[in-house]
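# Breakdown of the fold
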Amino acid sequence: MENEEITSAESEALESEALESDEPYVDVAAFETVKKKKHIIRKIMLGLGILVVIGYGVMTYLAYKYFAPGTHINGKDYSFKSYDEVLEDVNTAYDDYTLTLRFRNGEDTFTKDEAGLKVTAEKDIKRIKKNQNPFLWFTYLWSDNETAGFEFSVDKDALMDSIENSIYLSPSKMKKPEEPSIVFNKEKGIAEIVEGDEGTLLDKFGVFLLCYKAVDERSSFVDIKNSDCYIKPVFFSDSPRIVNTVNRINHYLSAKITYLYGSLEIELSPENIYNILSISDDYSVYLSKEKVRQFVSNLSSEYDTYDTYRTFRTHDGKKYRVNSDEYGYQIDIDKEADLLYINISGGETVEREPEFLHKGYKYDKKKDDIGGNYVEVDLSKQKLYLYIDGQMVLESDVVSGDMSLGHGTPGGLYNVDGMYYKVVLTGDDYESPVTYWMPFNRDIGLHDATWRSYFGGDIYKSNGSHGCVNLPYDVAQVIYYNIEPGFPVVLYWEDEITR
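Please read all numbers here as calculations on a predicted model, not as lab measurements.

## Overview of the overall build of the protein chain
Along its length, the protein chain carries 12 helices and 28 strands. Radius of gyration (C-alpha) of the protein chain: 62 Å, far over the 23 Å computed for a compact globule of 499 residues. Buried residues in the protein chain amount to 41% of all 499 residues. Contacts spanning at least 24 positions in sequence make up 65% of the contacts within the protein chain whose residues lie at least 6 apart. Working note: accessible area of the protein chain is about 28900 Å², and carbon and sulfur atoms make up 50% of it.

## A look at the sheet that holds strand E10 (residues 256-261)
Strand order across the open sheet formed by 3 strands is E11-E10-E17, with mixed pairing between neighbours. Taken across any chain shown, the strands that pair with only one partner, and hence form the sheet edges, are strand E11 (264-267) and strand E17 (349-352). On average, adjacent strands in this sheet sit at an angle of 15° to one another, irrespective of strand direction. As paired strands, E10 and E11 are joined by 4 bridges and run antiparallel to one another. In the sheet register, Tyr-259 faces E11, and the bridge partner there is Ile-266.

## Comments concerning a nonpolar patch on the surface
A contiguous nonpolar surface patch, about 600 Å² in accessible area, is contributed by Ile-40, Ile-41, Ile-44, Met-45, Leu-48 and Leu-51. Tracing the sequence through the fold places Met-45 in helix H2 (residues 28-65).

## Let's talk about the packing of aromatic side chains
Taken as a whole and assessed by the stated rule, the structure comprises 29 aromatic pairs. Note on Phe-150 and Phe-152: the rings are 6.2 Å apart at their centroids and 40° apart in plane angle, and the pair reads as tilted. Ring centres of Tyr-414 and Phe-440 lie 5.6 Å apart, and the angle between their planes is 40°; on these two criteria the pair is classed as tilted. Of this pair, Tyr-414 sits in strand E22 (residues 412-415) while Phe-440 sits in strand E24 (residues 431-441), and the two are 26 residues apart along the sequence. Judged by its relative accessible area of 8%, Tyr-414 is buried. Given the relative accessible area of 1%, Phe-440 is considered buried. Taken together through their ring pairs, the aromatic side chains of Tyr-261, Tyr-303, Tyr-329, Phe-356 and Tyr-363 make up a single cluster. Over the aromatic face of Phe-67 sits the side chain of Lys-129, whose NZ or CZ is 5.8 Å from the ring centroid. The ring of Tyr-341 carries the charged tip of Lys-289 above its face, separated from the ring centre by 5.2 Å.

About the cut-offs
- Residues numbered from 1 in each chain as written.
- Predicted model: local features only at pLDDT ≥ 70, side-chain atom pairs only at ≥ 80, totals over all residues.
- Heavy atoms only, no water.
- Helix = DSSP H or I, 4+ residues; strand = E, 2+ residues; numbered from the N terminus.
- Rg over C-alpha atoms; globule rule 2.2 N^0.38 Å.
- Buried < 20%, exposed > 50% of the residue type's maximum accessible area, 1.4 Å probe, protein only.
- Contact = heavy atoms within 4.5 Å.
- Areas by Shrake-Rupley, 256 points an atom, 1.4 Å probe, with all protein chains shown as cover.
- Pairing = 2+ DSSP bridges.
- Axes fitted to C-alpha atoms, helices over the stretch in contact; angles between N-to-C directions.
- Patch = residues over 30% accessible without salt bridge, like charges linked within 9 Å, V, L, I, M, F, W, Y side chains within 5 Å.
- Salt bridge = Lys/Arg side-chain N within 4 Å of Asp/Glu carboxyl O.
- Phe/Tyr/Trp six-rings, centres within 6.5 Å; stacked < 30°, edge-to-face > 60°.
- Lys NZ or Arg CZ within 6 Å of the ring centre and 35° of its normal.

Structure representation (C-alpha coordinates):
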(Lines give C-alpha, C1' and ligand atoms only; values in the text may rest on other atoms or scores of the structure.)
Protein backbone atom coordinates (compact mmCIF):
# COMPACT_ATOMS: atom_id res chain seq x y z
CA MET A 1 0.00 0.00 0.00
CA GLU A 2 1.07 3.58 -0.67
CA ASN A 3 0.95 4.58 2.93
CA GLU A 4 3.06 1.66 4.04
CA GLU A 5 6.73 2.24 4.47
CA ILE A 6 9.21 0.32 2.27
CA THR A 7 11.73 -1.59 4.30
CA SER A 8 15.43 -1.41 3.67
CA ALA A 9 15.58 -4.90 2.39
CA GLU A 10 12.81 -4.27 -0.04
CA SER A 11 14.46 -1.15 -1.19
CA GLU A 12 17.71 -2.96 -1.78
CA ALA A 13 15.87 -5.66 -3.67
CA LEU A 14 14.23 -3.13 -5.86
CA GLU A 15 17.50 -1.43 -6.50
CA SER A 16 18.99 -4.79 -7.49
CA GLU A 17 16.12 -5.48 -9.82
CA ALA A 18 16.43 -2.16 -11.34
CA LEU A 19 20.06 -2.54 -11.98
CA GLU A 20 19.39 -5.80 -13.69
CA SER A 21 16.63 -4.30 -15.78
CA ASP A 22 16.98 -1.82 -18.56
CA GLU A 23 14.59 0.86 -17.04
CA PRO A 24 15.96 3.86 -15.00
CA TYR A 25 16.01 3.64 -11.26
CA VAL A 26 13.77 5.98 -9.20
CA ASP A 27 14.43 6.65 -5.49
CA VAL A 28 10.88 6.81 -4.22
CA ALA A 29 11.87 7.51 -0.64
CA ALA A 30 13.89 10.54 -1.58
CA PHE A 31 11.10 11.76 -3.78
CA GLU A 32 8.66 11.48 -0.97
CA THR A 33 10.97 13.32 1.37
CA VAL A 34 11.34 16.17 -1.06
CA LYS A 35 7.67 16.19 -1.68
CA LYS A 36 7.04 16.37 2.00
CA LYS A 37 9.40 19.28 2.46
CA LYS A 38 7.77 21.23 -0.36
CA HIS A 39 4.45 20.66 1.20
CA ILE A 40 5.64 22.02 4.49
CA ILE A 41 7.16 25.04 2.80
CA ARG A 42 3.95 25.72 0.95
CA LYS A 43 2.08 25.60 4.21
CA ILE A 44 4.56 27.95 5.83
CA MET A 45 4.41 30.37 2.95
CA LEU A 46 0.65 30.23 2.95
CA GLY A 47 0.62 30.91 6.68
CA LEU A 48 3.01 33.79 6.29
CA GLY A 49 0.98 35.18 3.46
CA ILE A 50 -2.13 34.98 5.53
CA LEU A 51 -0.36 36.70 8.39
CA VAL A 52 0.91 39.42 6.06
CA VAL A 53 -2.52 39.95 4.65
CA ILE A 54 -4.03 40.06 8.10
CA GLY A 55 -1.29 42.41 9.33
CA TYR A 56 -1.68 44.63 6.33
CA GLY A 57 -5.39 44.67 6.84
CA VAL A 58 -5.04 45.51 10.49
CA MET A 59 -2.55 48.26 9.75
CA THR A 60 -4.75 49.57 6.98
CA TYR A 61 -7.66 49.68 9.36
CA LEU A 62 -5.60 51.44 12.00
CA ALA A 63 -4.26 53.89 9.44
CA TYR A 64 -7.81 54.55 8.39
CA LYS A 65 -9.11 55.05 11.89
CA TYR A 66 -6.04 56.82 13.27
CA PHE A 67 -3.05 58.71 11.97
CA ALA A 68 -0.68 56.46 10.01
CA PRO A 69 2.44 55.11 11.67
CA GLY A 70 5.38 57.44 11.31
CA THR A 71 3.18 60.53 11.29
CA HIS A 72 5.10 63.51 12.75
CA ILE A 73 3.33 66.84 13.11
CA ASN A 74 5.19 69.94 14.27
CA GLY A 75 8.08 67.73 15.35
CA LYS A 76 6.07 65.31 17.49
CA ASP A 77 5.18 61.65 16.77
CA TYR A 78 1.44 61.11 16.49
CA SER A 79 1.44 57.51 15.18
CA PHE A 80 -1.86 55.72 15.82
CA LYS A 81 -3.28 58.79 17.58
CA SER A 82 -6.90 59.69 17.00
CA TYR A 83 -7.84 62.92 15.28
CA ASP A 84 -9.27 64.36 18.49
CA GLU A 85 -6.18 63.43 20.47
CA VAL A 86 -3.89 65.02 17.92
CA LEU A 87 -5.96 68.15 17.59
CA GLU A 88 -6.19 68.61 21.34
CA ASP A 89 -2.47 68.05 21.84
CA VAL A 90 -1.37 70.29 18.99
CA ASN A 91 -3.68 73.04 20.23
CA THR A 92 -1.89 73.07 23.61
CA ALA A 93 1.08 74.87 22.03
CA TYR A 94 -0.24 78.22 23.35
CA ASP A 95 -1.60 77.07 26.70
CA ASP A 96 1.22 78.88 28.51
CA TYR A 97 0.39 82.19 26.86
CA THR A 98 -0.16 85.10 29.26
CA LEU A 99 -0.82 88.79 28.72
CA THR A 100 0.71 91.23 31.21
CA LEU A 101 -0.75 94.74 31.49
CA ARG A 102 1.43 97.41 33.07
CA PHE A 103 -0.49 100.27 34.67
CA ARG A 104 0.70 103.42 36.42
CA ASN A 105 -0.07 101.84 39.76
CA GLY A 106 0.78 98.17 39.20
CA GLU A 107 0.57 95.17 36.87
CA ASP A 108 -2.08 92.58 36.07
CA THR A 109 -1.68 89.31 34.17
CA PHE A 110 -4.30 87.44 32.14
CA THR A 111 -4.10 83.76 31.29
CA LYS A 112 -4.78 82.52 27.76
CA ASP A 113 -8.47 82.01 28.48
CA GLU A 114 -8.78 85.29 30.41
CA ALA A 115 -7.18 87.08 27.48
CA GLY A 116 -9.72 85.43 25.18
CA LEU A 117 -7.08 83.82 22.95
CA LYS A 118 -8.57 81.05 20.80
CA VAL A 119 -6.06 78.75 19.06
CA THR A 120 -6.75 75.82 16.72
CA ALA A 121 -4.83 73.81 14.11
CA GLU A 122 -8.02 72.04 13.04
CA LYS A 123 -7.75 72.98 9.38
CA ASP A 124 -4.26 71.56 8.85
CA ILE A 125 -4.87 68.53 11.08
CA LYS A 126 -7.87 67.68 8.90
CA ARG A 127 -5.78 68.22 5.80
CA ILE A 128 -3.00 65.94 6.99
CA LYS A 129 -5.44 63.21 7.97
CA LYS A 130 -7.41 63.51 4.74
CA ASN A 131 -4.27 63.28 2.63
CA GLN A 132 -3.15 60.03 4.26
CA ASN A 133 -3.98 56.87 2.16
CA PRO A 134 -4.57 54.10 4.70
CA PHE A 135 -3.71 51.45 2.08
CA LEU A 136 -0.27 53.03 1.73
CA TRP A 137 0.26 53.29 5.42
CA PHE A 138 3.71 51.79 5.16
CA THR A 139 4.88 54.67 3.02
CA TYR A 140 4.51 57.08 5.97
CA LEU A 141 7.02 55.20 8.07
CA TRP A 142 9.75 57.31 6.53
CA SER A 143 7.72 60.42 5.70
CA ASP A 144 8.87 63.95 6.48
CA ASN A 145 7.55 66.02 9.39
CA GLU A 146 4.22 67.68 8.70
CA THR A 147 3.60 71.27 9.71
CA ALA A 148 0.23 72.26 11.12
CA GLY A 149 -0.43 75.97 11.12
CA PHE A 150 -2.66 77.64 13.67
CA GLU A 151 -5.70 79.79 13.28
CA PHE A 152 -6.14 82.45 15.95
CA SER A 153 -9.12 84.43 17.14
CA VAL A 154 -9.98 86.59 20.14
CA ASP A 155 -13.02 86.13 22.30
CA LYS A 156 -13.98 89.78 22.73
CA ASP A 157 -16.46 89.11 25.51
CA ALA A 158 -13.98 87.11 27.56
CA LEU A 159 -11.30 89.77 27.13
CA MET A 160 -13.66 92.60 28.05
CA ASP A 161 -14.85 90.72 31.13
CA SER A 162 -11.26 90.28 32.28
CA ILE A 163 -10.52 93.96 31.74
CA GLU A 164 -13.60 95.06 33.65
CA ASN A 165 -12.73 92.69 36.50
CA SER A 166 -9.14 93.89 36.74
CA ILE A 167 -8.48 95.55 40.09
CA TYR A 168 -6.72 98.42 38.33
CA LEU A 169 -9.93 99.34 36.54
CA SER A 170 -12.03 99.26 39.66
CA PRO A 171 -13.40 102.56 41.03
CA SER A 172 -11.21 102.25 44.12
CA LYS A 173 -8.06 102.20 42.00
CA MET A 174 -8.99 104.79 39.40
CA LYS A 175 -8.37 108.38 40.47
CA LYS A 176 -9.40 111.34 38.36
CA PRO A 177 -6.57 113.47 36.99
CA GLU A 178 -5.94 116.79 38.70
CA GLU A 179 -5.69 120.05 36.83
CA PRO A 180 -2.45 122.05 37.29
CA SER A 181 -2.53 124.45 40.19
CA ILE A 182 -1.15 127.95 40.56
CA VAL A 183 0.70 128.38 43.83
CA PHE A 184 2.63 131.19 45.47
CA ASN A 185 6.33 130.55 46.05
CA LYS A 186 7.16 132.46 49.25
CA GLU A 187 10.92 132.21 48.78
CA LYS A 188 10.86 133.62 45.25
CA GLY A 189 7.87 135.87 45.75
CA ILE A 190 6.28 134.74 42.50
CA ALA A 191 3.44 132.56 41.30
CA GLU A 192 4.32 129.19 39.82
CA ILE A 193 2.53 126.34 38.06
CA VAL A 194 2.44 122.95 39.74
CA GLU A 195 1.41 120.00 37.56
CA GLY A 196 -1.50 118.10 39.05
CA ASP A 197 -1.52 114.39 39.85
CA GLU A 198 -1.94 112.60 36.53
CA GLY A 199 -4.37 110.20 38.15
CA THR A 200 -5.24 106.62 37.18
CA LEU A 201 -8.63 107.03 35.52
CA LEU A 202 -8.75 104.82 32.42
CA ASP A 203 -10.76 104.65 29.22
CA LYS A 204 -11.85 101.00 29.37
CA PHE A 205 -12.54 100.77 25.67
CA GLY A 206 -9.10 102.16 24.90
CA VAL A 207 -7.57 99.50 27.16
CA PHE A 208 -9.65 96.86 25.38
CA LEU A 209 -8.41 97.93 21.95
CA LEU A 210 -4.76 97.78 23.04
CA CYS A 211 -5.26 94.38 24.64
CA TYR A 212 -7.19 93.05 21.67
CA LYS A 213 -4.37 94.02 19.33
CA ALA A 214 -1.79 92.44 21.62
CA VAL A 215 -3.71 89.15 21.92
CA ASP A 216 -4.37 89.09 18.20
CA GLU A 217 -0.63 89.40 17.61
CA ARG A 218 0.20 87.01 20.48
CA SER A 219 2.15 89.73 22.22
CA SER A 220 2.66 89.04 25.92
CA PHE A 221 2.89 92.65 27.16
CA VAL A 222 0.77 95.79 26.96
CA ASP A 223 2.20 99.10 28.18
CA ILE A 224 -0.93 100.84 29.42
CA LYS A 225 1.18 103.16 31.58
CA ASN A 226 2.63 105.05 28.64
CA SER A 227 -0.42 104.80 26.43
CA ASP A 228 -3.18 107.28 25.69
CA CYS A 229 -5.71 105.23 27.65
CA TYR A 230 -5.51 107.42 30.74
CA ILE A 231 -7.99 110.27 30.94
CA LYS A 232 -6.04 113.50 30.70
CA PRO A 233 -6.69 116.79 32.50
CA VAL A 234 -8.11 119.66 30.49
CA PHE A 235 -4.97 121.75 31.02
CA PHE A 236 -1.25 121.13 31.41
CA SER A 237 1.49 123.26 32.92
CA ASP A 238 2.48 124.55 29.47
CA SER A 239 -1.06 125.35 28.38
CA PRO A 240 -1.09 128.93 27.03
CA ARG A 241 -4.09 129.86 29.18
CA ILE A 242 -2.29 128.94 32.40
CA VAL A 243 1.04 130.43 31.31
CA ASN A 244 -0.64 133.72 30.44
CA THR A 245 -2.48 133.76 33.75
CA VAL A 246 0.73 133.19 35.74
CA ASN A 247 2.49 135.94 33.77
CA ARG A 248 -0.33 138.30 34.58
CA ILE A 249 -0.25 137.37 38.27
CA ASN A 250 3.49 137.96 38.42
CA HIS A 251 2.96 141.36 36.81
CA TYR A 252 0.73 142.28 39.75
CA LEU A 253 3.25 140.79 42.19
CA SER A 254 6.00 142.95 40.74
CA ALA A 255 4.37 146.01 42.35
CA LYS A 256 6.48 147.34 45.24
CA ILE A 257 4.38 149.49 47.52
CA THR A 258 5.70 150.95 50.77
CA TYR A 259 3.40 152.89 53.09
CA LEU A 260 4.90 155.65 55.18
CA TYR A 261 2.71 155.40 58.24
CA GLY A 262 4.18 158.07 60.46
CA SER A 263 7.75 156.98 61.07
CA LEU A 264 6.78 153.37 60.34
CA GLU A 265 7.36 151.82 56.92
CA ILE A 266 4.86 149.16 55.92
CA GLU A 267 5.72 147.15 52.82
CA LEU A 268 3.15 145.20 50.88
CA SER A 269 4.70 141.79 50.28
CA PRO A 270 4.11 139.81 47.09
CA GLU A 271 2.09 137.43 49.25
CA ASN A 272 -0.16 140.31 50.36
CA ILE A 273 -0.81 141.13 46.72
CA TYR A 274 -1.29 137.47 45.78
CA ASN A 275 -3.99 137.12 48.43
CA ILE A 276 -5.79 140.15 46.99
CA LEU A 277 -6.06 138.51 43.56
CA SER A 278 -9.03 136.38 42.56
CA ILE A 279 -8.02 133.26 40.62
CA SER A 280 -10.85 131.11 39.32
CA ASP A 281 -10.93 127.40 38.52
CA ASP A 282 -10.85 128.16 34.80
CA TYR A 283 -7.51 130.00 35.27
CA SER A 284 -8.82 133.49 34.83
CA VAL A 285 -7.43 136.12 37.17
CA TYR A 286 -8.49 139.61 38.08
CA LEU A 287 -7.60 142.18 40.68
CA SER A 288 -10.60 142.32 42.97
CA LYS A 289 -11.59 145.81 44.07
CA GLU A 290 -13.51 144.27 46.90
CA LYS A 291 -10.42 142.41 48.13
CA VAL A 292 -8.27 145.51 47.73
CA ARG A 293 -10.72 147.45 49.88
CA GLN A 294 -10.78 144.63 52.43
CA PHE A 295 -6.98 144.68 52.57
CA VAL A 296 -6.99 148.43 53.21
CA SER A 297 -9.71 147.95 55.82
CA ASN A 298 -7.59 145.33 57.56
CA LEU A 299 -4.61 147.69 57.41
CA SER A 300 -6.73 150.39 58.98
CA SER A 301 -7.87 148.03 61.75
CA GLU A 302 -4.30 147.03 62.53
CA TYR A 303 -2.57 150.41 62.44
CA ASP A 304 -5.16 153.15 62.91
CA THR A 305 -5.20 154.93 66.28
CA TYR A 306 -8.07 157.31 65.67
CA ASP A 307 -10.93 156.87 68.16
CA THR A 308 -8.99 154.28 70.13
CA TYR A 309 -7.71 154.18 73.67
CA ARG A 310 -4.05 154.79 74.38
CA THR A 311 -2.17 155.35 77.65
CA PHE A 312 -0.37 158.66 78.17
CA ARG A 313 2.21 158.95 80.92
CA THR A 314 2.11 162.37 82.63
CA HIS A 315 5.08 164.47 83.67
CA ASP A 316 5.00 162.88 87.14
CA GLY A 317 4.73 159.30 85.89
CA LYS A 318 1.00 158.82 86.26
CA LYS A 319 -1.07 157.09 83.60
CA TYR A 320 -3.86 158.79 81.73
CA ARG A 321 -5.94 156.47 79.55
CA VAL A 322 -7.63 158.53 76.90
CA ASN A 323 -9.81 157.87 73.87
CA SER A 324 -9.96 160.62 71.30
CA ASP A 325 -12.12 161.14 68.25
CA GLU A 326 -10.17 164.30 67.57
CA TYR A 327 -6.67 162.89 67.28
CA GLY A 328 -4.88 159.95 65.69
CA TYR A 329 -4.32 158.17 62.42
CA GLN A 330 -7.22 156.99 60.31
CA ILE A 331 -6.98 155.77 56.73
CA ASP A 332 -9.51 156.95 54.19
CA ILE A 333 -10.41 153.41 53.14
CA ASP A 334 -12.28 154.27 49.95
CA LYS A 335 -9.68 156.67 48.56
CA GLU A 336 -6.77 154.47 49.53
CA ALA A 337 -8.41 151.36 48.03
CA ASP A 338 -8.84 153.17 44.70
CA LEU A 339 -5.23 154.36 44.71
CA LEU A 340 -3.84 150.99 45.75
CA TYR A 341 -5.85 149.30 42.99
CA ILE A 342 -4.15 151.55 40.44
CA ASN A 343 -0.69 150.91 41.94
CA ILE A 344 -1.07 147.14 41.83
CA SER A 345 -2.67 147.10 38.38
CA GLY A 346 0.29 148.95 36.95
CA GLY A 347 2.89 146.89 38.80
CA GLU A 348 4.18 150.20 40.18
CA THR A 349 6.96 150.90 42.63
CA VAL A 350 5.80 153.60 45.05
CA GLU A 351 6.67 154.89 48.51
CA ARG A 352 4.03 157.12 50.02
CA GLU A 353 1.64 157.83 52.85
CA PRO A 354 -1.75 156.19 52.70
CA GLU A 355 -4.71 158.42 52.07
CA PHE A 356 -5.64 159.60 55.58
CA LEU A 357 -8.86 161.02 56.99
CA HIS A 358 -6.98 161.93 60.15
CA LYS A 359 -3.33 162.02 61.09
CA GLY A 360 -1.47 161.93 64.35
CA TYR A 361 1.83 163.66 64.92
CA LYS A 362 3.99 160.57 65.11
CA TYR A 363 3.73 156.81 64.75
CA ASP A 364 6.13 154.08 65.70
CA LYS A 365 6.21 150.31 66.12
CA LYS A 366 4.53 150.56 69.51
CA LYS A 367 1.54 152.32 67.90
CA ASP A 368 2.49 155.41 69.85
CA ASP A 369 0.90 158.29 67.95
CA ILE A 370 1.98 161.00 70.44
CA GLY A 371 5.67 160.38 70.79
CA GLY A 372 8.01 162.78 72.61
CA ASN A 373 6.52 166.03 71.24
CA TYR A 374 3.39 167.31 72.92
CA VAL A 375 1.76 169.93 75.11
CA GLU A 376 0.57 168.53 78.43
CA VAL A 377 -2.01 170.45 80.47
CA ASP A 378 -2.83 169.36 84.02
CA LEU A 379 -6.23 171.06 84.42
CA SER A 380 -6.56 170.19 88.10
CA LYS A 381 -3.24 171.88 88.92
CA GLN A 382 -3.55 174.53 86.19
CA LYS A 383 -0.10 173.59 84.84
CA LEU A 384 1.23 173.32 81.29
CA TYR A 385 4.31 171.41 80.13
CA LEU A 386 5.92 171.53 76.70
CA TYR A 387 7.90 168.47 75.60
CA ILE A 388 10.21 168.44 72.61
CA ASP A 389 11.89 165.16 71.61
CA GLY A 390 11.02 163.69 74.97
CA GLN A 391 12.50 166.55 76.99
CA MET A 392 10.49 169.06 79.01
CA VAL A 393 11.46 172.50 77.65
CA LEU A 394 8.76 174.61 79.29
CA GLU A 395 6.58 174.61 82.42
CA SER A 396 3.99 177.29 83.13
CA ASP A 397 0.91 178.17 85.12
CA VAL A 398 -2.27 178.57 83.08
CA VAL A 399 -5.91 179.51 83.43
CA SER A 400 -8.51 177.23 81.89
CA GLY A 401 -12.29 177.56 81.45
CA ASP A 402 -14.45 179.15 84.12
CA MET A 403 -16.07 176.41 86.13
CA SER A 404 -18.65 178.72 87.76
CA LEU A 405 -20.08 179.63 84.37
CA GLY A 406 -20.01 176.10 83.03
CA HIS A 407 -17.12 176.80 80.67
CA GLY A 408 -14.81 174.16 82.13
CA THR A 409 -12.12 173.03 79.68
CA PRO A 410 -12.68 169.38 78.72
CA GLY A 411 -9.88 166.86 79.11
CA GLY A 412 -8.81 164.73 76.19
CA LEU A 413 -6.32 164.28 73.40
CA TYR A 414 -6.32 166.73 70.51
CA ASN A 415 -4.02 168.15 67.93
CA VAL A 416 -3.33 171.76 67.01
CA ASP A 417 -5.62 172.64 64.12
CA GLY A 418 -3.75 175.76 63.01
CA MET A 419 -1.25 178.51 63.88
CA TYR A 420 -2.54 182.08 63.78
CA TYR A 421 -0.78 185.35 64.53
CA LYS A 422 -2.54 188.48 65.85
CA VAL A 423 -6.21 187.61 65.69
CA VAL A 424 -9.31 188.74 67.58
CA LEU A 425 -11.22 186.03 69.38
CA THR A 426 -14.95 186.82 69.48
CA GLY A 427 -17.92 185.39 71.24
CA ASP A 428 -21.44 186.40 72.23
CA ASP A 429 -20.19 188.67 74.96
CA TYR A 430 -16.49 189.24 74.28
CA GLU A 431 -13.83 190.31 71.83
CA SER A 432 -10.27 189.42 72.82
CA PRO A 433 -7.30 190.40 70.63
CA VAL A 434 -4.42 187.87 70.96
CA THR A 435 -1.02 187.56 69.32
CA TYR A 436 -0.65 183.79 69.31
CA TRP A 437 -3.73 181.68 68.62
CA MET A 438 -3.39 177.86 68.49
CA PRO A 439 -6.85 176.18 68.39
CA PHE A 440 -7.04 172.40 69.07
CA ASN A 441 -10.70 171.65 69.88
CA ARG A 442 -12.81 173.71 67.49
CA ASP A 443 -13.06 177.13 69.26
CA ILE A 444 -10.94 176.03 72.21
CA GLY A 445 -7.20 176.58 71.98
CA LEU A 446 -3.98 177.91 73.45
CA HIS A 447 -3.38 181.65 73.35
CA ASP A 448 -1.71 184.48 75.18
CA ALA A 449 -3.85 186.45 77.69
CA THR A 450 -2.13 189.79 78.26
CA TRP A 451 -5.13 191.03 80.21
CA ARG A 452 -4.23 188.70 83.06
CA SER A 453 -1.65 189.51 85.71
CA TYR A 454 -1.74 186.13 87.40
CA PHE A 455 -2.04 182.51 86.24
CA GLY A 456 -2.54 179.20 88.03
CA GLY A 457 -4.10 178.43 91.38
CA ASP A 458 -7.89 178.49 91.61
CA ILE A 459 -8.49 181.40 89.24
CA TYR A 460 -10.26 179.06 86.77
CA LYS A 461 -12.96 178.22 89.26
CA SER A 462 -14.62 181.65 89.19
CA ASN A 463 -12.60 183.82 86.81
CA GLY A 464 -11.56 181.48 84.13
CA SER A 465 -11.78 181.67 80.36
CA HIS A 466 -14.59 180.72 78.00
CA GLY A 467 -12.87 177.32 77.65
CA CYS A 468 -9.47 178.19 76.21
CA VAL A 469 -6.16 177.71 77.98
CA ASN A 470 -4.85 181.19 78.78
CA LEU A 471 -1.07 181.59 78.76
CA PRO A 472 1.42 184.23 79.73
CA TYR A 473 2.59 186.09 76.63
CA ASP A 474 6.18 184.79 76.68
CA VAL A 475 4.96 181.21 77.24
CA ALA A 476 2.53 181.46 74.32
CA GLN A 477 5.36 182.83 72.20
CA VAL A 478 7.71 179.93 73.03
CA ILE A 479 5.01 177.40 72.31
CA TYR A 480 4.00 179.11 69.07
CA TYR A 481 7.52 178.91 67.69
CA ASN A 482 8.17 175.33 68.78
CA ILE A 483 5.07 173.56 67.58
CA GLU A 484 3.24 173.15 64.28
CA PRO A 485 -0.19 172.13 63.05
CA GLY A 486 -0.95 168.56 64.15
CA PHE A 487 1.06 168.90 67.35
CA PRO A 488 -0.53 166.80 70.16
CA VAL A 489 -2.23 168.50 73.08
CA VAL A 490 -3.13 166.35 76.13
CA LEU A 491 -5.41 167.77 78.81
CA TYR A 492 -6.62 165.91 81.90
CA TRP A 493 -8.20 166.24 85.34
CA GLU A 494 -6.88 164.46 88.39
CA ASP A 495 -9.92 162.17 88.63
CA GLU A 496 -9.06 160.81 85.17
CA ILE A 497 -5.58 159.73 86.27
CA THR A 498 -4.62 156.21 87.36
CA ARG A 499 -1.30 155.27 88.85
